[in-house]
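In case you want the letters, here they are:
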Amino acid sequence: MLLHDSVCVHRAIGCLVDEGWSGPGAALLRTLTDMSISAVALENSSEPRMAAFRYLYAGFRRYSRDQSLTRGEQKAMRDTIQQRIQQLPETLRAKALDVVNERDRAYWFSPEWKSPTAVIDTFGGADLRWAYMQGSAAAHGTFWGMRWFRDQPDIMDVNPRDIGPRGLRLDLCSCRMLLETVRVRDSLELLDLAAEINELVAVICAKAQLALGA
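Computed from a prediction, not measured in an experiment: that's the story for all the values here.

## Concerning the side chain of S64
Within the element layout of this structure, S64 appears in helix α3 (residues 48-64). Residue S64 is classed as buried on the basis of its relative accessible area of 9%. Once residues within four sequence positions are removed from consideration, S64 is found in contact with Q74, M77 and R78.

See below:
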């Protein structure tokens, strides 16, 4: 599910670049980075199956307690969680119920790590940390962040723009981030894709260097 959603975000970034909206697309790159961090957290959890349960149902749990929703809506979410718990092996159901009864936290992985930077500092590389920190500005709509991948950033024009080197860099960053999530799946499921992943990363880095020199 995580890789599926990452592919969808990656393709959305590509569509924005193709249509001339690379500036706002930077915020989606931060989303893709967050998803990559979630993949790293799942891979390195002390209890991977319960971490996966937290990832899938933290939102359901939070909204099932939202007093702005009707009782019927809250009950529907609780019922969904209960139905999914019954699909787990019997040995895991008690632990899953404990997860449901946990207090809500800022991040779904907070029982093990307090923040995304804690995950990155423990398991991620320098590239992931750089992407996370730089993407923060874009995600929160700062002046610099909204112009990070926009060619001719000082031109005040609300119309789409032709694809330039900066827009291409956004596409390449998205490709690289998606590959890092693929790398996690390859590690967990023993898909034997490491050589292909490394080859694609090398191609992306080479193209990024060309874009920087354009």
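## Description of the packing of aromatic side chains
As enumerated under the stated definition, the model contains 9 aromatic pairs in all. With centroids separated by 5.6 Å and ring planes inclined at 5°, the aromatic side chains of Y107 and F109 adopt a geometry described as stacked. For Y107, a relative accessible area of 33% translates into the label partly exposed. Between W108 and F109 the ring centres are 5.3 Å apart and the planes differ by 75°, which places this aromatic pair in the edge-to-face class. The class of W108 is buried, set by a relative accessible area of 15%. Of the residues examined, F109 reaches a relative accessible area of 5% and is grouped as buried. The structure contains a cluster of three or more aromatic residues connected by ring pairs, namely Y55, Y107, W108 and F109.

## Quick word on the packing of helix α1 (residues 2-18) against helix α9 (residues 165-189)
Close contact between α1 and α9 brings their axes to 9 Å; oriented N to C, the two are set at 170°. By the angle between their axes, α1 is roughly antiparallel relative to α9. Here L3, S6, V7, H10, I13, G14 and V17 of α1 lie close against α9, whose contacting residues are G167, L170, D171, S174, C175, L178, T181, V182 and R185. Class assignment of the residues belonging to the contact of α1 with α9 gives a composition of 8 nonpolar, 6 polar and 2 charged.

Scoring rules and cut-offs
- Residues numbered from 1 in each chain as written.
- Predicted model: local features only at pLDDT ≥ 70, side-chain atom pairs only at ≥ 80, totals over all residues.
- Heavy atoms only, no water.
- Helix = DSSP H or I, 4+ residues; strand = E, 2+ residues; numbered from the N terminus.
- Buried < 20%, exposed > 50% of the residue type's maximum accessible area, 1.4 Å probe, protein only.
- Contact = heavy atoms within 4.5 Å.
- Phe/Tyr/Trp six-rings, centres within 6.5 Å; stacked < 30°, edge-to-face > 60°.
- Axes fitted to C-alpha atoms, helices over the stretch in contact; angles between N-to-C directions.
- Parallel < 35°, antiparallel > 145°, perpendicular 65-115°, else oblique.
- Nonpolar A, V, L, I, M, F, W, Y, C, P; charged D, E, K, R; others polar.

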